[in-house]
Amino acid sequence: MAAAIFAGIALFFSFQGSSVPLSSSEDRLVDSLLTLMTVEEKIGQMTLFTTDWEATGPTIREGYREDIRQGRCGALFNSHTAAFTRELQRLAVEESRLKIPLLFGYDVIHGYKTIFPIPLAEAASWDLEAIERSARVAATEAAAAGLHWTFAPMVDLTRDPRWGRVMEGAGEDTWWACRVAEARVRGFQGKGLGHTDAVAACVKHYAAYGAPTAGREYGTVDMSERFFREYYLPPYAAAVRAGAATVMTAFNDYDGVPATGNRYLLTDVLRRELGFTGFVVTDYTAINELVPHGVARNEQEAGELALHAGVDMDMQGAVFQQYLKASLEAGRVSMAQIDTAVRRILKLKYRLGLFEDPYKFCDPEREKRLILSAEHRAAARDMARKSIVLLKNEGQVLPLSRTARLAVIGPLADNKDELIGSWSAAGSGSDCVSLLEGLRATSRGVLGHAKGCELEGNDRRGFAEAIALAKKADVVVVAVGEAAYMSGEAASRTQLSLPGEQEALVEALAATGRPLVVVLMNGRPLAIPNVVERAAAVVEAWWLGTEAGNALADVLFGDYNPSGKLPMTFPRSVGQVPIFYNEKNTGRPFDPNSKWTSKYLDAPNSPLFPFGFGLSYTSFEYSLPTTSALTFRAGDTLRVSAQVRNTGDRAGTEVVQLYVRDQVGSVTRPVRELKGIQRIHLQPGESRTVTFTLTETDLRFYRRDMSFGSEPGAFDLWICSHSAHGQPVRVELQ
Ligand code: NOJ
């Protein structure tokens, strides 16, 4: 195949048969291709266009087909299925002059067709193996559908639940966001690019996209460099270190310079400091947007700015395609810059094995066998159970007895379409198990279902039926939350309450006196103190994906004991936002008896639920932590231990957390910082000593002079159940 297609450069196919290429043959092929390419063909490799998906199937604009034939477009996104990608690949490798294969990308964020929980939910599992497995399944299905490249993981740190994209990240903590970023990259890229179950990862959105002012999408990001380096940069760095093949620029500006035209971010930090060697793609039309940002007078200038900054590929904006040649001729960009970008892109195509066999990912048999397979659905169910967070369980109303008479109520109780959440790739609600279906499959006690109200609007006409049903039941299960479109891109909200009449529905059901189990389905932390107060039990189910209903039934009936914990703080009200656990102490820390301390007049400082919080059907008791020494130095390993005991009557998994506080520094330090977690499984009555190790390197930060290092002095250490729990032990770093 390759020899036929690349007859003109057959010399460079001496590596045939190897999926682990030697860099010399890679370099030889790429360099040789560069010598054969026209400027237009080079710019074509730097151009990424989208295809469309109609009800009838995938479509592509005729102009783009011609662009492929003419070598003016080297990559496509939103094109998937083995058949459609084969059809498009054929245009490139059989009808274009140099027959360079296309690269196919897609937003495979939490599954391709077997949809897993949204990333924020997965982060609540604190289970890196399961998170890696989720990305592995996503990659396996995507690669079987002809895809080479996923626009994931999104590793933007997020502290503001008004921002809709909190659903795509790992929450508010930097240490945890780094671990999750690494796990996802490992999962997507598997045993290595070139395997037909691996896709290239794309770390996004570089950089600091998760901190828009007031949580408003695409908004300005302004933060100190110290803050950026300490909290926001590390997850991108972790993903790069884990081997992510590509990086996507962010839409926002950072310190006054839009990320897509920001040489400091894209070259000084990403390439020079972090050592990134893959290619950089922009976000959707982000080069064009340098004009409305006000840093370029026109699109041609925007393209020059982006290339100088370090962008290699232009997503959808066609700025490079339209203007880069003119900029080259005018001497405002150089051929060397263009060659550098093209070389990086061709290398990825080479590593994926596309020069060897451009159709290797287009295999309908593999696609049919793998997608939505029983094994993948089982993995999705496992991940979904692990992602559920039990927030309240008064009077042990949960787990439900299989003989209890249940009223199943709420706009999300029998809904399938919303379960896959935002960014659900090729997922379909029709493949999902609804909550009602899951409950019915597990128990004969379901009396019936009533919607009560819609997700939005102010129609209460369904309340009467819902109340009548509730009155007949022993327990009322009510599923409420957000519509999937309310989180994800361009989905910022100023309210964090339940939309429409849902809170009123919960109140009306609570008034029946029946115990109320509230199942929340949402993409962000919600501020719902009234709902929590009225409910006997609250189960945070996020958007759990294809197996949502089965996973929820497993948890509600106690076949699975919940162990998830919140990766983001839940506020009491929007007014507390941004609220996060690792705040600074201030010079006037909160004192309930003193007005002149850092607090609100009309609300407590404490959140509705703290970071790291989550209950189980059993209970755990922690001893005070102990350390292997009271003082330690650089080079020493300090062991910190605590006894954790299962004091209930069920086996359960506990996510044990280690936090530190640096008491005095050359700059102010957070009141607590997460430094490690361990998931332990304990039988009833069982105790385990949980030991973490800490070294001086774990205590480093950006000091007053911006050097990265630790400072001697006192540190408090907690081993505890969540960020507002436990008693510390003090140690001294000498
Ligand atoms: C815009 C989004 O910001 C980005 O995350 C996504 O990958 C691209 N669109 C492509 O769909």
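A quick note: this is a predicted structure, and the numbers were derived from the prediction, not measured.

Trainee: Would you explain the sheet that holds strand E28 (residues 713-720) in this entry?
Mentor: Two strands in a sheet stick together by hydrogen bonds in their backbones, pointing the same way (parallel) or opposite ways (antiparallel). If you trace the 5 strands from one edge of the open sheet to the other, you get E21-E29-E28-E23-E24, paired in mixed fashion. Every other strand in the sheet has two partners, leaving strand E21 (631-632) and strand E24 (673-682) as the edge strands with one partner each. Relative to strand E29 (residues 729-733), E21 runs parallel, the two being bridged by 2 bridges. When the sheet's bridge partners are listed, Phe632 is paired in E29 with Leu733.

Trainee: I tried to follow the packing of aromatic side chains on my own but got confused; where do I start?
Mentor: Two numbers describe a pair of aromatic rings. These are the distance of the centres and the angle of the planes. According to the stated counting rule, one finds 22 aromatic pairs in the structure shown. Between Phe570 and Phe609 the ring centres are 6.4 Å apart and the planes differ by 70 degrees, which places this aromatic pair in the edge-to-face class. Here Phe609 lies in the loop between helix H21 (548-556) and strand E19 (620-622) and Phe570 lies in the loop between H21 and E19, a separation of 39 residues in the sequence. The same class applies to Phe570 as to Phe609, namely buried. An aromatic cluster of at least three residues, connected via ring pairs, comprises Trp126, Trp175, Trp176, Tyr581, Phe611 and Tyr659. Sitting over the ring of Phe580, Arg159 keeps its end group 3.8 Å from the ring centre.

Trainee: Even after reading the chapter, I still don't get the site of the ligand, so can you show me in this structure?
Mentor: Every one of the 13 residues lining the ligand counts as a neighbour, but Asp107, Arg165, Lys204, His205 and Asp283 are closest to it. Contact distances for the ligand include 2.4 Å between an oxygen atom and a side-chain N or O atom of Asp107. Note that an oxygen atom of the ligand is positioned 2.8 Å from one of the side-chain N or O atoms of Lys204. Summarising the interface, the protein chains cover 94% of the accessible area of the ligand, which totals 300 Å² for the free molecule. Across the shell around the ligand, the residue classes break down as 7 nonpolar, 1 polar and 5 charged.

Trainee: Can you walk me through the environment of Glu365 in this structure?
Mentor: Residue position: Glu365 is located in helix H15 (residues 364-370). Through-space distance from the C-alpha of Glu365 to that of Thr586 is 61 Å; in sequence the pair is 221 residues apart.

Trainee: Can you help me understand the nonpolar core in this one?
Mentor: Here is a general trend for soluble globular proteins: nonpolar side chains tend to be buried in one another's company. Residues Ile409 and Val517 are the most contacted members of the largest nonpolar core, which totals 224 residues. A per-element tally of this core places helix H7 (residues 128-144) first, with 8 residues. Inspection of this core shows a minimum of three residues originating in each of domain 1 (368-576) and domain 2 (620-733). Setting aside anything within four residues of it in sequence, one finds Ile409 in contact with His449, Ala450, Lys451, Ala466, Leu469, Ala470, Val476, Val477, Val478, Ala479, Leu505 and Leu509. If you look at the next biggest cluster of nonpolar residues, it comprises 22 residues, including Val644, Leu658, Phe692 and Leu717.

Trainee: Honestly, the domain arrangement of the protein chain in this entry has me stumped. Any pointers?
Mentor: One widely used convention gives an interface's size as the accessible area the parts lose upon coming together. Domain parsing of the protein chain yields domain 1 (368-576) and domain 2 (620-733). Placing a centre on the C-alpha atoms of domain 1 and another on those of domain 2 gives a separation of 34 Å. Counting the surface lost from both domain 1 and domain 2, the interface buries some 590 Å², and carbon and sulfur atoms represent 40% of this. On the domain 1 side of the interface with domain 2, the three residues burying the most area are Asn561, Ser563 and Lys565, jointly 74% of the side's total. Our count for the domain 1 to domain 2 interface comes out at 1 salt bridge.

Trainee: How should unusual backbone geometry be read in this particular structure?
Mentor: Note: most residues except glycine have negative phi, and most peptide bonds are trans. Note the cis peptide between Leu398 and Pro399, where omega equals -5 degrees. Geometrically, the link from Val577 to Pro578 is a cis peptide bond, its omega value of -5 degrees lying close to zero. Along the chain, Pro578 turns up in the loop between H21 and E19. The phi dihedral of Asp255 falls on the positive side, at around 50 degrees, and the residue is not glycine. Its place among the elements puts Asp255 in the loop between strand E9 (253-254) and strand E10 (257-258). You can call Asp255 exposed: its relative accessible area is 55%. With phi around 55 degrees, Ala490 is a residue other than glycine that occupies positive phi space. The residue Ala490 is located in the loop between strand E16 (475-481) and helix H19 (502-510) in this model.

Trainee: How should I be thinking about the pattern of salt bridges in this particular structure?
Mentor: Pairing is possible between side chains that carry opposite charge, provided their charged atoms lie close to one another. Evaluated as defined, the whole model comprises 57 salt bridges. The closest approach of N and O atoms between Arg136 and Asp197, which form a salt bridge, is 3.2 Å. You can see Arg136 sitting in helix H7 and its partner Asp197 sitting in the loop between helix H8 (174-189) and strand E7 (202-206), a full 61 residues away along the chain. Looking at Arg136, the relative accessible area reads 17%, which means it is buried. Looking at Asp197, the relative accessible area reads 25%, which means it is partly exposed. For Arg385, the salt bridge goes to Asp382, with nearest N and O atoms at 3.9 Å. Placement of both Arg385 and Asp382 in helix H16 (residues 374-387) is noted, with a separation of 3 residues, approximately one turn of the helix. Classification of Asp382 as partly exposed rests on a relative accessible area of 25%.

Definitions and cut-offs
Residues numbered from 1 in each chain as written. Predicted model: local features only at pLDDT ≥ 70, side-chain atom pairs only at ≥ 80, totals over all residues. Heavy atoms only, no water. Pairing = 2+ DSSP bridges. Helix = DSSP H or I, 4+ residues; strand = E, 2+ residues; numbered from the N terminus. Phe/Tyr/Trp six-rings, centres within 6.5 Å; stacked < 30°, edge-to-face > 60°. Buried < 20%, exposed > 50% of the residue type's maximum accessible area, 1.4 Å probe, protein only. Lys NZ or Arg CZ within 6 Å of the ring centre and 35° of its normal. Near = heavy atom within 4 Å. Polar contact = N/O pair within 3.5 Å; in protein donor to acceptor, adjacent residues only side chain to side chain. Areas by Shrake-Rupley, 256 points an atom, 1.4 Å probe, with all protein chains shown as cover. Nonpolar A, V, L, I, M, F, W, Y, C, P; charged D, E, K, R; others polar. Core = buried A, V, L, I, M, F, W, Y, C linked by side-chain atoms within 4.5 Å. Domains from an automatic or database assignment. Contact = heavy atoms within 4.5 Å. Buried area = accessible area lost by both parts, 1.4 Å probe. Salt bridge = Lys/Arg side-chain N within 4 Å of Asp/Glu carboxyl O.

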